[in-house]
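Below are the chains, spelled out letter by letter.
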Amino acid sequence: MLYFSKFRIIVIFVISLFFIIIASSNFLKFENKLLDKRINLGLDLQGGSYLLLEIDNTPVIEQKLQNHSINIRNYFKNKDIRIKNLKLSEQRISFFVDEKFRKIVLDEFNNEESELNPYYPRFKSHQLDIIQENEFFIVNYSPQGIVKLKTSSQDQALEIVRRRIDEIGTNEPNILKRGNDRILVELPGLDDPMRIKSLLGKTANLTFRFVTDNNEDSFGTEKLKFEDSNEQAIVSKRIILSGDNLLDAQPRMNSETNETVVSFTLDRVGAKRFGKATSTGIGKQLAIILDGKIISAPVIRDTIASGSGQISGGFTFQSATDLALLLRSGALPAPLNIIEERTVGPDLGQDSINAGMVALIIGFILVIIFIFIKYRIFGLITNFTLIINLLLLVGILTIFEATLTLPGIAGIILTVGMAVDANVLIFERIKEELKSENNNLIAFDSGYTKSRTAILDANVTTLLAAIILFFMGSGPIKGFSLTLGIGIFTTLFSVYFIARLLTVLYVSKNKERKGLI
Amino acid sequence: MIAFNKYYNQFNILSITLVIVSLLLLTFKGLNFGIDFKGGTLIELRSMDSKINVATLRDNLNSMNLGDVSVKNFGNSTDYLIKFENNNNKNIIKDIKVNLDKSFGNNFDFRRVENVGPKVSSELLRSGIIAISVALALMLIYIWIRFEWQFSLGAISALFHDVIVTLGLFSLLGLEINLSIIAAVLTIVGYSMNDTVVIFDRVRENLRKYSDIKIFDLTNISINETLSRTLITSATTLLALLSIFFFGGEVLKGFSLAMIFGVIFGTYSSIYIANTILVRLKVSQKTILKDDDKN
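Going along each chain's sequence as written, the residues are numbered from 1 onward. To label them, take the chains in the order written and letter them from A, then take the ligands in the order written and number them from 1. Whole-chain, interface and lining totals are the exception, using all residues; otherwise, since this is a predicted model, local features are given only for residues with pLDDT of at least 70 and side-chain atom pairs are given and counted only at 80 or more.

1. Observations regarding the overall build of chain A
Put simply, DSSP H or I for four residues or longer makes a helix, DSSP E for two residues or longer makes a strand, and each gets a number counted from the N terminus. The number of helices and strands found in chain A is 13 helices and 21 strands. Since a compact globule built from 517 residues should have a radius of gyration of about 24 Å, the 35 Å found for chain A marks it as more spread out than a globular shape. Oriented by its inertia axes, the alpha-carbon framework of chain A measures out at about 110 × 70 × 40 Å. Exposed residues have 12 or fewer other C-beta atoms within 10 Å of their own C-beta, buried residues have 20 or more, and residues in between are partly exposed; the C-beta atoms are placed from the backbone. Looking at chain A as a whole, 40% of its 517 residues qualify as buried. With the radius of gyration taken over C-alpha atoms, the globule rule is written as 2.2 Å times the number of residues to the power 0.38.

Okay, structure coming up:
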């Protein structure tokens with residue numbers, strides 16, 4: 001255990017130096033293109049916002065089932081099969097078919113080439129499940145169909161969330177999928193997440209629909225509230241224009257009325273439809289509806305064929321800017337709910353960094369003094385190793401551009417406390433060996449050999465705990481498990497290579513001395 | 001040599017009592033779950049006006065119908081921690097800000113806001129429990145592979161003791177359980193195991209060496225031989241933890257406190273639980289030789 005070849009010494013030296021240089025790039029300000037890596041600070045240290053959004057897919061499922069039920073009716077109508085009592089309630093479609101057609105209907109649904117009910121060969125499942133309950137058929141989404149629907153609405157929502165956040169322009173946002181109905185948003189350095197929260201909380205579903213007085217509209221009507229008052233109006237369900245037809249939207253100042261408005265430009269299809277609607281509907285009120293509330297319902301005075309227009313609704317400049325932003329970035333496929341939020345202000349982050357550093361330095365000094373008093377010259381070796389160990393740890397974190405969190409700093413401090421364990425195990429063992437062995441070299445050699453299994457077992461157990469934490473923990477806790485886990489490897493390296501090398505050098509010069517340790 | 005084995009019975013009784021008391025506390029008093037596991041909102045405020053105090057702040061917030069609001073000083077007299085249960089109002093933070101600005105002037109800095117919905121909190125609790133259970137199971141398997149089942153049982157009993165008593169102490173003192181406490185408990189599991197394994201390693205070595213010494217004395221010899229290492233490592237770990245506790249800021253207080261308890265219990269349990277299980281299971285040279293033959 002005590003022999004080191006020259007080659008090995010060089011390798012150890014080079015590896016240590018490499019990591020130390022990388023570690024130092026965090027503290028030095030020089031520009032270094034080769035090693036342009038830094039440890040990232042977690043949101044709890046640099047300040048920022050962590051938002052977990054959940055997509056509420058219920059309206060999407062309702063809407064899609066509505067489409068399916070229309071499909072089903074038309075499909076069988078073409079085949080001269082009469083569907084009776086077609087109903088949609090509680091996310092299931094139910095209908096009645098005469099006995100003689102039942103087998104055909106079942107076959108249409110369960111056939112792998114079915115147009116009505118797409119088959120996913122990869123999952124060996126249809127989009128919809130059909131079961132027979134007494135006289136009725138019940139159709140609803142299969143588990144696989146739900147998964148498909150959720151992932152597709154998650155993809156769309158992610159895109160829209162990204163656009164909205166990019167429009168606001170925060171630095172380096174992190175937007176990730178979680179599961180199949182959640183989106184994680186990390187916004188470093190963001191002090192006040194209220195604006196983003198309110199922007200993400202809006203579906204931004206924009207429609208232009210006529211206000212009607214009579215209930216005889218063939219598309220049906222509904223009663224909607226105005227955004228800024230408790231007044232109500234009856235509007236047709238027929239959609240003249242929707243947010244999809246918008247090319248651009250910008251906040252503007254209307255010079256005639258001195259009012260802040262949102263001006264919009266329509267695409268070709270939209271412009272045509274808008275022109276037609278405004279020419280036939282002169283004198284009627286056109287309601288502009290956002291997320292089920294009427295923003296305003298101006299009376300049409302002229303045909304608008306230019307494909308652009310303005311929305312007024314008592315906006316402030318801020319609210320007009322936000323509405324324009326929402327319209328530009330598009331509507332979410334489904335409402336989003338913020339189910340977890342963690343925001344840390346920049347001052348608290350800085351305070352945490354300071355406190356963490358003070359704790360690290362004091363903890364480090366206490367351990368160093370204790371070990372020096374206990375082991376003297378070998379204490380110096382242990383302490384030197386401990387410093388190298390810390391630099392290695394920081395170096396590895398830097399290479400991986402790992403995220404350092406406050407619990408991560410605690411993990412580093414704990415590593416300092418626990419790292420000396422391996423050296424202590426070795427030195428205590430050597431002390432025991434020296435009781436029955438006069439030759440220092442032999443005693444040191446067997447001390448290293450005999451303590452090996454205990455050190456291995458002890459470190460594996462801590463590593464197991466760190467690995468579990470890494471996979472089960474979230475955010476800051478992951479940072480803790482990362483530093484704790486990497487700390488185990490750097491500890492073993494520094495104890496078995498650096499400390500042992502130094503010990504060997506010292507002992508081989510003092511082979512005969514009594515009471516060496 | 002210290003005769004640790006003289007007190008095996010007494011300390012076993014003490015440990016069993018502690019575990020029972022802890023279990024009773026956990027059942028009847030329960031744990032003080034933070035918003036991570038219970039759901040709700042937490043706001044850390046710093047006031048620029050020293051005239052504001054906990055009582056005035058509490059009165060003001062109570063008028064907002066937030067339900068059960070808790071307002072406490074946090075670290076120093078101008079920092080406050082406000083907690084309340086889940087609220088359906090999505091704009092609650094904004095409303096509180098507006099209300100506080102109106103009542104006290106622009107005197108508050110919102111240093112930290114955390115809001116955990118009911119679904120997330122129950123998921124966090126579940127994954128915390130799973131993490132601790134998986135950790136215990138993995139430790140059990142690891143020791144089973146490295147040692148014989150008697151050792152495995154001893155080590156796991158020590159682990160259960162440490163986790164239960166630490167949680168019991170948290171229940172008794174009403175300290176908050178949050179995500180970082182789960183991290184602390186898992187680290188305690190690792191530490192306690194670490195400590196036990198070092199002594200067990202020595203017990204096994206001594207079992208091979210001495211065929212004529214009974215396990216009762218053999219464990220005592222092993223404990224004594226490894227005692228200075230046990231004490232030095234506990235001391236350095238505690239020094240690091242005390243440094244976090246006193247200087248690491250409010251956020252890490254609970255975590256470091258749990259770890260400090262855990263290191264103390266872990267050191268104690270390696271000596272008085274893990275080893276006494278070996279004694280009670282009458283481990284002898286035969287126990288490990290059988291296994292050596294197999295290999």
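So, next bit.
2. As for the overall build of chain B
A tally of regular secondary structure across chain B gives 10 helices and six strands. Taking 295 residues into account, the globule formula puts the C-alpha radius of gyration at 19 Å, and chain B, at 24 Å, lies well above it. Summarising its shape, the C-alpha atoms of chain B cover approximately 80 × 35 × 30 Å along the three principal directions. For the purpose of contact definition, each residue receives a C-beta atom placed from its backbone, and two residues are in contact when these atoms lie within 7 Å. Residue pairs at least 24 apart in sequence account for 76% of intrachain contacts in chain B once pairs closer than 6 positions are excluded.

3. Quick word on the sheet that holds strand β10 (residues 182-188) of chain A
Think of it this way: DSSP has to see at least two bridges between two strands before they count as a pair. Reading across from one edge, β9(A)-β10(A)-β2(A)-β20(A)-β5(B)-β2(B)-β4(B)-β3(B) is the order of the eight strands in this open sheet, with antiparallel pairing throughout. One side of each edge strand has no neighbouring strand; the edge strands of this open sheet are β9 (174-178) of chain A together with β3 (70-74) of chain B. The sheet shows a mean angle of 20° between the axes of neighbouring strands, taken without regard to direction. With eight bridges connecting them, strand β2 (residues 48-55) of chain A and strand β20 (residues 336-344) of chain A associate as antiparallel partners. By the bridge assignment, Leu52 of chain A is partnered in β20 of chain A with Glu340 of chain A. Here helix α3 (residues 54-62) of chain B sits on the sheet in contact with β3 and β4 (76-84) of chain B, set at roughly 150° to β3 of chain B. The axes used here are C-alpha line fits, helices contributing only the stretch in contact, and every angle between their N-to-C directions lies in the interval 0 to 180 degrees. Where helix α5 (residues 118-146) of chain B meets the sheet, it contacts β2 and β20 of chain A together with β5 (108-116) of chain B, and its direction lies at approximately 65° from that of β20 of chain A.

4. Observations regarding the domain arrangement of chain B
Segmentation into domains, and thus their bounds, comes from an automatic or database assignment. Per the domain assignment, the segments of chain B are domain 1 (4-34 + 120-294) and domain 2 (40-116). Averaged C-alpha coordinates put domain 1 of chain B and domain 2 of chain B at centres separated by 40 Å.

5. Re the domain arrangement of chain A
In terms of domains, chain A is made up of domain 1 (6-42 + 345-509), domain 2 (58-146) and domain 3 (206-342). Relative placement of domain 2 of chain A and domain 3 of chain A: their C-alpha centres are 35 Å apart.

6. Remarks on the interface of chain A and chain B
Tallying the contact residues gives 55 residues for chain A and 55 residues for chain B. If you tally residues by element for the side of chain A that touches chain B, the top one is helix α9 (residues 346-399) of chain A, at 15 residues. Class assignment for the residues of the side of chain A that touches chain B results in 34 nonpolar, 11 polar and 10 charged. Here five bridges tie β20 of chain A to β5 of chain B, and the two strands are oriented antiparallel to one another. Opposite Val344 of chain A, over in β5 of chain B, you have Arg112 of chain B as the bridge partner. When residues are sorted by character, Ala, Val, Leu, Ile, Met, Phe, Trp, Tyr, Cys and Pro go into the nonpolar class, Asp, Glu, Lys and Arg into the charged class, and all the rest, Gly among them, into the polar class.

7. Focus: the pairing of strand β18 (residues 293-296) of chain A
Residue and element names in this part refer to chain A. The sheet contact formed by strand β12 (residues 221-226) and β18 spans two bridges and is parallel. Paired with Phe226 across the two strands is Ile294, which belongs to β18. Taken together, the three bridges between strand β17 (residues 286-290) and β18 define a ladder with antiparallel strand orientation. Its bridge partner being in β18, Ile288 is matched across the sheet by Ser296. Where β17 folds back onto β18 in an antiparallel hairpin, the turn is made up of two residues, including Asp291, whose phi is positive at roughly 50°.

8. Side note on the packing of helix α12 (residues 452-472) of chain A against helix α7 (residues 179-209) of chain B
Where α12 of chain A contacts α7 of chain B, the axes come no closer than 8 Å and their chain directions differ by 165°. Accordingly, the angle class assigned to the pair α12 of chain A and α7 of chain B is roughly antiparallel. In this structure, the crossing between α12 of chain A and α7 of chain B has a hand that is right-handed. Residue-level inspection shows Thr453, Ala454, Asp457, Ala458, Thr461, Thr462, Leu464, Ala465, Ile468 and Leu469 of chain A of α12 of chain A in contact with α7 of chain B, the latter providing Ala183, Leu186, Thr187, Val189, Gly190, Met193, Asn194, Val197, Val198 and Asp201 of chain B. Class assignment for the residues of the contact of α12 of chain A with α7 of chain B results in 12 nonpolar, six polar and two charged. The labels follow the angle: roughly parallel below 35 degrees, roughly antiparallel above 145, roughly perpendicular from 65 to 115, and oblique for the rest. Handedness of a helix crossing follows the sense of rotation of the near helix relative to the far helix, less than a right angle counterclockwise being left-handed and clockwise being right-handed.

9. Regarding the environment of Glu401 of chain A
Residues and elements named next belong to chain A. For Glu401, the location among the structural elements is in the loop between α9 and β21 (403-404). As for Glu401 and Lys37, which are separated by 364 residues in sequence, their C-alpha atoms are 6.4 Å apart. The residues touching Glu401, leaving out its near neighbours within four places in the chain, are Lys37, Arg38 and Asn40.

10. Section: α5 of chain B
Multiplying 1.5 Å by the helix residue count minus one yields the expected span of that helix. When the terminal C-alpha atoms of α5 of chain B are compared, their 42 Å separation across 29 residues agrees well with the 42 Å that a helix rising 1.5 Å per residue should span. For α5 of chain B, every residue scored as buried is listed here: Val120, Ser121, Leu124, Gly128, Ala131, Ile132, Ala135, Met139 and Ile143 of chain B.

11. Focus: the pairing of β4 of chain B
Residues and elements named next belong to chain B. Sheet topology places strand β2 (residues 40-47) next to β4; six bridges connect them, and they run antiparallel. Each residue of the ladder has a partner; that of Ile43, found in β4, is Ile82. A loop of one residue connects β3 with β4, the two strands running antiparallel in sequence, and Gly75 in this loop sits at a positive phi of about 85°.

12. Remarks on the nonpolar core
Side chains that are nonpolar tend, in soluble globular proteins, to be buried together. By convention in this section, buried Ala, Val, Leu, Ile, Met, Phe, Trp, Tyr and Cys residues joined through C-beta atoms within 7 Å make up a nonpolar core. By size, the foremost hydrophobic cluster in this structure holds 179 residues, and its most contacted members are Ile413 and Leu469 of chain A together with Ala155, Val185, Leu186 and Val189 of chain B. Counting residues per element, this core draws most heavily on α9 of chain A, at 19 residues. Counting 15 residues, the second largest nonpolar core, distinct from the first, contains Ile82, Phe84, Leu100 and Phe110 of chain B.

13. Quick notes on the sheet that holds strand β19 (residues 308-315) of chain A
Residue and element names in this part refer to chain A. The strand order across the open sheet built from three strands is β15-β16-β19, with neighbouring strands paired in antiparallel fashion. Edge positions in the sheet fall to β15 (246-254) and β19, since each has one partner strand and no second. For this sheet, the mean angle separating the axes of adjacent strands, direction not counted, is 25°. When strand β16 (residues 259-266) meets β19, the two strands line up antiparallel, connected through five bridges. Bridge pairing in β19 links Val262 to Ile311.

14. Considerations on helix α3 (residues 58-78) of chain A
All names here are of chain A. The terminal C-alpha atoms of α3 lie 30 Å apart, and with 21 residues this matches the ideal 30 Å at 1.5 Å per residue to within 8%. Here α3 has its buried residues at His68, Ile72 and Phe76. Summarising the axial view, the buried residues of α3 lie within an arc of 50°, below the 170-degree limit, and thus occupy one face. Looking at α3, the residues exposed on the side facing more than 90 degrees away from the buried face are Gln63, Gln66, Asn67, Ile70, Asn74, Lys77 and Asn78. The arc in question is formed by the directions pointing from the helix axis toward the C-beta atoms.

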